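Listed below are the residues making up each chain.
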Amino acid sequence: MVSSTLLCNTDLIVFLSQGVWDNCPVKMASSFTRMLSSRNTAVMLVGLGASTLATGYLMTDSAVTAEQRMKMYPPSADYPDLRKHNNCMASALTPAIYARLRDKRTPNDYTLDQCIQTGVDNPGHPFIKTVGMVAGDEESYEVFAELFDPVIKDRHNGYDPHTMKHPTDLDASKITSGMFDEKYVLSSRVRTGRSIRGLSLPPACSRSERREVERVVVTALSGLKGDLSGRYYGLTDMTDQEQQQLIDDHFLFDKPVSPLLTCAGMARDWPDARGIWHNNEKTFLIWINEEDHSRVISMEKGGNMKRVFERFCKGLKEVERLIQERGWEFMWNERLGYILTCPSNLGTGLRAGVHVRLPLLSKDARFSKILDNLRLQKRGTGGVDTAATGDTFDISNLDRLGKSEVELVQLVVDGVNYLIECEKKLEKGQDIKVPAPLVQFRK
């Protein structure tokens, strides 16, 4: 006598082998259908239990996409463990937000989990509170706005993307008192980033997109004239002599080793389609395909920040004009300003900084509070991942979004001049005062 269980399994085999399986929510590969139609296989399935084997095939067959597999589990099963994390993403992400965003994708197929992976892998940073997430394309900021917006508000000191608009101002003539005392300031620099609309950002771009970024930017740079004219050096084809010269000039950027960048996918295919362009005077540089599509840098030794910013504005306007002449444009919108990979660089993307000697002030207990109230940050002279050593610091603006380029550079000028004034007072044995906190945004 045939058991009811065996009849049930036999019915399932007939059901599958007749092709009815093709109408199920998750379709099986044609190879599975052929396997089921075999008489010998049917006998085997009767013995094993067809439903068991079908379930196993669902979980292992390559024809089932990663997206389909992920949807087999509720968002709660995928929620990251952030209990020991200290970054902006970890502070903003909740199980409810994750549940609403997990299965969404940008038009370029970028997911929430890819956005937050760097923040999941890096619980904190010894010197700064990190953002903890990146964008894979321009649309990431819209598709995942429910998480990006509070992260942006946290990182940018209360800037609200829902209600505020970002100003842009590249008129360097407005800067006042832009010449520092060179007894204290060793070098001055202004940098920003720009992204090419229509191409994925470095965490998500394909090799072809990365090479297209290089082609578009290098072609535009070939049109620069006068004191901005220069040459491009691709990392894959520069000579040993050229490489050594760029190292000696402190221009060459290395393959990212910071886990903040590598966990975001920025070191993929290194050094393919990466390179450095600089003018003949070596005062105007553009890095291509490092953390952003392009990093634009104006720099020189000494304390003439006004001249550095004038060159920065002139060069940036020319590069944008040449890009647009070739049918491309930079990513920008009125709420977030210029769109870059990391939310910390939205808006102006601008960091105006100096290397400044402050041997006495740096030992004063009020130093950190003074910097906070002036909206300045200090780093080691080796960059974001280095602590300050000795009495020389990299001092720059803390904010990027909600203030214009002119406002931020003037903030640095005024702030660094105040720090130098404090240093001079301490040299004379005089007392110093902690300034009142700056107003963050204009009304």
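For the structure itself, look to the data block above.
Predicted model only: the values in this text are computed from it and were never measured.

K.L.:
Would you mind going over helix H15 (residues 305-325) in detail, with residue names and values included?
P.N.:
In this model H15 runs 30 Å from its N-terminal to its C-terminal C-alpha over 21 residues, within 8% of the 30 Å that 1.5 Å per residue would give. Residues Met 305, Val 308, Phe 309, Arg 311, Phe 312, Cys 313, Gly 315, Leu 316, Val 319, Leu 322 and Ile 323 constitute the buried set of H15. Tucked into the core, H15 has its buried residues touching strand E1 (185-194), helix H12 (207-221), strand E4 (284-288), strand E5 (294-301), strand E8 (351-357) and helix H17 (405-427). Downstream of H15 by a residue or two, Gly 327 has a phi angle that is positive, lying close to 90°.

K.L.:
Break down the sheet that holds E8 for me, citing the residues and quoting the values.
P.N.:
The eight strands are arranged E2-E3-E4-E5-E1-E8-E10-E9 in an open sheet whose pairing can be described as antiparallel. Two strands bound the open sheet, and with one partner strand each, they are strand E2 (230-234) and strand E9 (376-379). Strand after strand, the sheet turns through a mean of 20° between neighbouring axes, direction not considered. Alignment of E2 against strand E3 (residues 275-279), held across five bridges, turns out to be antiparallel.

K.L.:
So what's going on with the pattern of salt bridges? Residues and values would help.
P.N.:
Tallying each qualifying case throughout the model produces 32 salt bridges. Between Asp 269 and Arg 207 there is a salt bridge, with its nearest N and O atoms 3.0 Å apart. Note that Asp 269 is positioned in the loop between helix H14 (259-262) and E3 and Arg 207 in helix H12, a separation of 62 residues in sequence. Arg 207 gets classed as partly exposed once you look at its relative accessible area, which sits at 48%. Three or more residues joined by partner-sharing salt bridges are found here, namely Arg 207, Arg 210, Arg 211, Asp 269 and Asp 272.

K.L.:
Pulling in residues and values, what's your account of the environment of Glu 310?
P.N.:
Locating Glu 310 in the fold gives a position in helix H15. Sequence spacing of Glu 310 and Val 190 is 120 residues, and the spatial spacing of their C-alpha atoms is 10.0 Å.

K.L.:
Residue-level account of empty space enclosed by the protein, with values.
P.N.:
Following the criterion strictly, the structure yields one cavity of 30 Å³ or more and no others. Estimates place the volume of the largest cavity at around 50 Å³. Lining the largest cavity, in full, are Arg 194, Ile 196, Val 217, Ile 286, Ser 294, Val 296, Leu 316, Val 319, Ile 323 and Phe 330. Elements represented by at least two residues in the lining of the largest cavity include exactly E5 and H15. Ranked by residue count, the leading element in the lining of the largest cavity is H15, at three residues.

K.L.:
Let's hear about the packing of aromatic side chains: which residues, and what values?
P.N.:
What the rule picks out here adds up to five aromatic pairs. Between Tyr 141 and Phe 148 the ring centres are 4.6 Å apart and the planes differ by 50°, which places this aromatic pair in the tilted class. Both residues of the pair, Tyr 141 and Phe 148, belong to the buried class. The lysine or arginine in question, Arg 194, covers the ring of Tyr 338, its NZ or CZ lying 3.5 Å from the ring centre.

Calculation rules
Residues numbered from 1 in each chain as written. Predicted model: local features only at pLDDT ≥ 70, side-chain atom pairs only at ≥ 80, totals over all residues. Heavy atoms only, no water. Helix = DSSP H or I, 4+ residues; strand = E, 2+ residues; numbered from the N terminus. Expected span 1.5 Å × (residues − 1). Buried < 20%, exposed > 50% of the residue type's maximum accessible area, 1.4 Å probe, protein only. Contact = heavy atoms within 4.5 Å. Pairing = 2+ DSSP bridges. Axes fitted to C-alpha atoms, helices over the stretch in contact; angles between N-to-C directions. Salt bridge = Lys/Arg side-chain N within 4 Å of Asp/Glu carboxyl O. 1 Å grid on protein atoms, 1.4 Å probe; cavity = no way out; pocket = protein on both sides within 12 Å on 5 of 7 lines; lining within 4 Å. Points joined across faces, edges and corners; volume = space filled by probe spheres on them. Phe/Tyr/Trp six-rings, centres within 6.5 Å; stacked < 30°, edge-to-face > 60°. Lys NZ or Arg CZ within 6 Å of the ring centre and 35° of its normal.

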